[in-house]
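A structural walkthrough
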Amino acid sequence: MGETWTAIQKKRLHELNASVDMEQVFANSALRDLAYREEEARGVMDGRRHLESLRQSERRPGLIRLTEKLAAALVAEGFTQVATPTIISKRMLAKMTIDETHPLFSQVFWLSGNKCLRPMLAPNLYYVSKDLLRMWPSPVRIFEIGSCFRKESQGSTHLNEFTMLNLVEWGLPEEGRSAHLQHFAELVMQTAGLADFSLETETSVVYGDTIDVTCRGIEAASGAMGPHPLDGQWGITSTWVGLGFGLERLLMLQRGGQNVKCYSKSVSYLDGIRLNI
Ligand code: ATP
Ligand code: MG
């Protein structure tokens with residue numbers, strides 16, 4: 001019978017983003033502890049080196065740099081950025097059919113009876129789009145990058161607070177939708193330095209059939225197309241394609257990290273590095 005990492009060792013190796021086999025079996029506990037001390041020391045050294053290089057050169061965490069890089073790429077592609085509130089009303093969610101009976105409803109952080117932290121950007125984007133569509137010629141291309149909040153079980157790909165990039169193009173020819181969705185997915189993934197992704201059709205609780213952008217087995221984004229029955233809530237009848245990306249997941253994939261938490265807004269991590277090293 002061999003020995004595996006203890007729970008405490010596993011936790012620390014996860015924190016340090018160590019690329020070790022978490023199920024590794026050792027001949028005895030002395031060998032395991034020796035291997036652990038080496039991995040821990042390596043993790044601490046690599047982390048300190050990374051933080052020092054951050055201080056010396058980039059001076060801004062990856063999440064912020066990725067946000068700016070993606071915004072610049074989308075602006076160059078004819079998208080206009082919007083900035084909308086993080087606090088939204090229950091009515092806005094209900095317009096997305098997210099009411100008491102909906103699976104996402106139990107994941108919402110409520111501030112009071114009628115206000116919550118947005119679990120998605122879509123309701124606000126619909127809201128501003130109905131006016132922009134009156135004023136701007138087609139196609140109308142907008143995007144937002146901002147925090148969204150969901151009560152999650154907190155595995156290695158889920159955060160309670162994450163950064164969503166949601167883009168939408170309105171008023172394109174119906175037959176061009178698939179190609180445009182693919183093009184925008186490529187634009188974002190390539191800007192994030194991720195070439196090895198695929199598009200897969202999934203079923204979403206809000207949009208019905210969606211197209212997921214998947215990279216190394218992880219969902220990086222979900223996309224959808226309209227006209228869609230939800231559009232009527234905002235009096236919109238236009239065609240559209242839209243995609244929602246999680247930026248911490250993109251960063252984790254880009255950096256080859258093990259846990260999305262390292263790349264989130266955090267007091268325990270800076271630019272992917274645990275600070276208690
Ligand atoms: P999953 O099935 O992985 O829980 P989802 O399908 O519920 O994700 P969407 O509503 O499609 O998520 O949100 C769009 C994107 O936002 C996802 O593809 C993912 O990249 C990101 N995302 C969603 N929830 C989280 C979360 N809790 N933490 C980090 N990123 C998230
Ligand atoms: Mg999804």
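Structure: above.
Residues numbered from 1 in each chain as written. Chains lettered and ligands numbered in written order. Predicted model: local features only at pLDDT ≥ 70, side-chain atom pairs only at ≥ 80, totals over all residues. Heavy atoms only, no water.

Let's shift gears to the state of the cysteines. In total, this model carries zero disulfides according to the counting rule given. The thiol of Cys 116 is not disulfide-bonded; the next cysteine sulfur, from Cys 148, is found 11 Å away. Here Cys 262 is not disulfide-linked; the sulfur of Cys 215 is the nearest cysteine sulfur, at 17 Å. (Disulfide = S-S within 2.5 Å.)

Remark: helix H3 (residues 62–76) packs on helix H6 (residues 177–191), axes separated minimally by 9 Å, with the N-to-C direction vectors making an angle of 145°. Helix-helix and strand crossings are classified by hand; for H3 and H6 the assignment is right-handed. Residue-level inspection shows Lys 69, Leu 70, Ala 73 and Leu 74 of H3 in contact with H6, the latter providing Leu 187, Val 188 and Thr 191. Its residues assigned to classes, the contact of H3 with H6 shows five nonpolar, one polar and one charged. (Axes fitted to C-alpha atoms, helices over the stretch in contact; angles between N-to-C directions. Helix = DSSP H or I, 4+ residues; strand = E, 2+ residues; numbered from the N terminus. Left-handed = near helix turned anticlockwise from the far one by under 90°. Contact = heavy atoms within 4.5 Å. Nonpolar A, V, L, I, M, F, W, Y, C, P; charged D, E, K, R; others polar.)

Both faces of the sheet carry side chains from a regular strand, because those side chains alternate between them. Examined bridge by bridge, strand E7 (residues 208–215) and strand E8 (residues 218–226) share five bridges and lie antiparallel to one another. Paired with Cys 215 across the strands is Ile 218, a residue of E8. With antiparallel pairing between neighbouring strands as the criterion, E7 and E8 make up a hairpin whose turn holds two residues, including Arg 216 at a positive phi of roughly 50°. Pairing analysis gives six bridges linking E8 to strand E9 (residues 240–246), with the strands arranged antiparallel. Note on E9: the bridge partner recorded for Gly 223 is Leu 243. (Pairing = 2+ DSSP bridges.)

Turning next to the site of ligand 1. Near ligand 1 you find 14 residues, and of these Arg 150, Glu 152, His 158, Leu 159 and Glu 219 are the closest. Take Glu 152: an N or O atom from its side chain is 2.9 Å from a nitrogen atom of ligand 1. A distance of 3.0 Å separates an oxygen atom of ligand 1 from a polar backbone atom of Ala 220. Among the elements of the structure, strand E5 (161–170), E8 and E9 are those that each provide at least two residues to the shell around ligand 1. (Near = heavy atom within 4 Å. Polar contact = N/O pair within 3.5 Å; in protein donor to acceptor, adjacent residues only side chain to side chain.)

Within E5, nine of the ten residues are buried, which leaves the element mostly enclosed by the surrounding structure. Where strand E4 (residues 140–149) lies against E5, ten bridges are found, and the strand directions are antiparallel. Residue pairing across strands places Gly 146 opposite Met 164, the latter belonging to E5. Both E5 and E9 contribute to a ladder of seven bridges, which runs antiparallel. Of the residues in E9, the one forming a bridge with Met 164 is Gly 246. (Buried < 20%, exposed > 50% of the residue type's maximum accessible area, 1.4 Å probe, protein only.)

Quick look at the packing of H3 against helix H7 (residues 247–255) now. When two helices pack together, their arrangement is given by the angle between the helix axes and the distance between those axes. Look at H3 against H7: their axes get within 10 Å of each other, and the N-to-C directions meet at 105°. When the interaxial angle is binned, H3 and H7 end up roughly perpendicular. From H3, Gly 62, Leu 63, Arg 65, Leu 66, Thr 67 and Leu 70 reach across to H7, where they touch Leu 247, Glu 248, Leu 250, Leu 251, Gln 254 and Arg 255. In the contact of H3 with H7, the residues fall into six nonpolar, three polar and three charged. (Parallel < 35°, antiparallel > 145°, perpendicular 65-115°, else oblique.)

This part is about the nonpolar core. General note: in soluble globular proteins, nonpolar side chains tend to be found buried as a group. Counting 68 residues, the largest nonpolar core has Met 96, Leu 165, Leu 167, Met 189, Phe 245, Leu 247 and Leu 250 as the members making the most contacts within it. Look past the residues within four positions of Leu 167 in its chain and what remains in contact with it is Leu 74, Phe 79, Ile 142, Phe 143, Phe 184, Val 188, Val 241, Gly 242, Leu 243 and Phe 245. Counting residues in hydrophobic clusters, the runner-up holds eight residues, among them Met 22, Phe 26, Ala 35 and Tyr 36. (Core = buried A, V, L, I, M, F, W, Y, C linked by side-chain atoms within 4.5 Å.)

Moving on to the environment of Glu 219. Within the secondary structure layout, Glu 219 lies in strand E8. If near-sequence neighbours (up to four positions away) are discounted, Glu 219 is found in contact with Asp 212, Val 213, Thr 214 and Arg 249. Engagement of the side chain of Glu 219 in a polar contact is seen with the side chain of Ser 222, the distance being 3.0 Å.

Residue Pro 139 follows Ser 138 across a cis peptide bond; omega there is -5°. That bond from Gly 226 to Pro 227 is cis: its omega, 15°, falls within 30 degrees of zero. The residue Pro 227 is located in the loop between E8 and E9 in this model. Look at Arg 216: it is not a glycine, yet its phi comes out positive at around 50°. The exposure class assigned to Arg 216 is partly exposed, which follows from its relative accessible area of 49%.

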